[in-house]
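Read off the chains here:
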Amino acid sequence: KAGVTQTPRYLIKTRGQQVTLSCSPISGHRSVSWYQQTPGQGLQFLFEYFSETQRNKGNFPGRFSGRQFSNSRSEMNVSTLELGDSALYLCASQKGEVTDTQYFGPGTRLTVL
Amino acid sequence: GDSVTQMEGPVTLSEEAFLTINCTYTATGYPSLFWYVQYPGEGLQLLLKATKADDKGSNKGFEATYRKETTSFHLEKGSVQVSDSAVYFCALSDPNAGGTSYGKLTFGQGTILTVHP
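Because the structure is predicted, anything quoted here is derived from the model rather than measured.

Peer 1: Describe the state of the cysteines, listing the residues and the values that go with them.
Peer 2: Counted under the stated rule, the structure contains 2 disulfides over all chains. Between the sulfur atoms of Cys23 of chain A and its disulfide partner Cys91 of chain A the distance amounts to 1.9 Å. The S-S bond linking Cys23 of chain A to Cys91 of chain A shows a torsion near 70°; that makes this disulfide right-handed. With Cys23 of chain A in strand β3 (residues 19-24) and Cys91 of chain A in strand β9 (residues 87-94), this residue pair connects regions lying 68 residues apart in the sequence. Judged on exposure class, the residue Cys23 of chain A and its partner Cys91 of chain A are both buried. In this model Cys23 of chain B forms its disulfide with Cys90 of chain B; the gap between the sulfur atoms is 2.0 Å. Given an S-S torsion of about -70°, the disulfide between Cys23 of chain B and Cys90 of chain B has left-handed geometry. Remark: Cys90 of chain B occurs in strand β10 (residues 86-93) and Cys23 of chain B occurs in strand β4 (residues 23-26); sequence separation between them is 67 residues. Judged by relative accessible area, which is 1%, Cys23 of chain B ranks as buried.

Peer 1: Explain the packing of aromatic side chains to me, using residue names and the numbers behind them.
Peer 2: Inspection of the entire model under this criterion finds 12 aromatic pairs over all chains. With centroids separated by 5.7 Å and ring planes inclined at 65°, the aromatic side chains of Tyr35 of chain A and Phe45 of chain A adopt a geometry described as edge-to-face. Taken together, the residues Tyr35 of chain A in strand β4 (residues 31-38) and Phe45 of chain A in strand β5 (residues 42-50) connect sequence positions 10 residues apart. Under the relative-accessibility criterion, Tyr35 of chain A is labelled buried at 0%. With relative accessibility at 6%, the residue Phe45 of chain A sits in the buried group. With a centroid separation of 5.7 Å and an interplanar angle of 75°, the aromatic rings of Phe47 of chain A and Tyr49 of chain A are classed as edge-to-face. Overall, the relative accessible area of 1% leaves Phe47 of chain A in the buried class. For Tyr49 of chain A, a relative accessible area of 6% translates into the label buried. Among the aromatic side chains, those forming a connected cluster through ring pairs are Tyr35, Phe45 and Phe104 of chain A together with Phe34, Tyr36, Phe89 and Phe107 of chain B.

Peer 1: Describe in detail the nonpolar core, supporting the description with residues and values.
Peer 2: Nonpolar side chains tend toward joint burial in soluble globular proteins. The biggest cluster of nonpolar side chains holds 25 residues, and the ones touching the most others in it are Leu19, Trp35, Leu48, Phe73, Leu75 and Tyr88 of chain B. Only β2 (11-14), β3 (19-21), β4, β5 (32-38), β6 (44-50), β8 (62-65), β10 and β12 (111-116) of chain B provide two or more residues apiece to this core. If you tally residues by element for this core, the top one is β10 of chain B, at 4 residues. One finds Leu21, Cys23, Trp34 and Phe47 of chain A within the second-largest nonpolar core, a separate group that totals 21 residues.

Peer 1: How would you summarise the pattern of salt bridges if you had to cite specific residues and measurements?
Peer 2: Residue and element names in this part refer to chain A. Under the criterion given, the structure shown has 8 salt bridges over all chains. Across the salt bridge formed by Glu75 and Arg67, the nearest N and O atoms sit 3.2 Å from each other. Classification of Glu75 as buried rests on a relative accessible area of 15%. The closest approach of N and O atoms between Glu75 and Arg73, which form a salt bridge, is 3.3 Å. Take Arg73: its relative accessible area is 24%, and that puts it in the partly exposed class. Three or more residues are tied together by salt bridges with common partners; here these are Arg63, Glu82 and Asp85.

Conventions and cut-offs
- Residues numbered from 1 in each chain as written.
- Chains lettered and ligands numbered in written order.
- Predicted model: local features only at pLDDT ≥ 70, side-chain atom pairs only at ≥ 80, totals over all residues.
- Heavy atoms only, no water.
- Disulfide = S-S within 2.5 Å.
- Helix = DSSP H or I, 4+ residues; strand = E, 2+ residues; numbered from the N terminus.
- Buried < 20%, exposed > 50% of the residue type's maximum accessible area, 1.4 Å probe, protein only.
- Phe/Tyr/Trp six-rings, centres within 6.5 Å; stacked < 30°, edge-to-face > 60°.
- Core = buried A, V, L, I, M, F, W, Y, C linked by side-chain atoms within 4.5 Å.
- Salt bridge = Lys/Arg side-chain N within 4 Å of Asp/Glu carboxyl O.

The structure is reproduced here in structure tokens:
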């Protein structure tokens with residue numbers, strides 16, 4: 001069974017631009033979660049989508065948004081990029097129950113110049 | 001709110017040494033507990049998990065026991081290898097947190113393990 005895939009793997013943007021990251025979950029998984037990983041803050045939860053609906057959201061500004069499509073693929077968007085948005089963005093998929101295990105993709109490394 | 005605390009790192013060991021990485025947590029009720037490992041340039045891989053008190057998770061020689069009385073989930077391995085060098089994360093999911101628990105793992109800060117030949 002194929003794992004979680006994320007595209008692109010690397011991105012370089014400049015301040016003020018916007019960016020869209022994509023995540024394809026494991027087949028049969030309906031939940032996709034997004035995390036930001038930085039050296040200073042560690043791993044922080046951004047949001048979770050299930051059946052095209054956002055069920056949960058972390059403490060991030062409204063510049064961070066996401067969506068999920070009917071095939072469970074998910075995208076996250078960051079508008080008006082700031083230097084501090086440079087991070088590894090990880091997505092994880094799970095079947096859908098809170099107690100299910102999350103499986104992570106390789107991440108997208110975003111650098112904001 | 002929920003939180004996870006891992007021992008201060010980094011940890012440097014010689015091959016075949018015994019490994020312990022401490023992890024304690026704060027949560028309401030009975031969370032599920034996980035250890036994830038991250039190799040350089042990669043995402044997180046599930047190493048092991050436990051879903052109730054006294055459960056022991058194990059995988060690839062690593063073990064951790066869910067201790068509710070001490071709110072701990074320490075990771076151990078009897079004999080580490082150079083290939084175990086990575087960053088290890090302890091995490092929890094809290095099904096008792098209601099809607100704020102959906103899809104959310106709370107992570108510790110990570111422990112860098114370096115194993116020398």
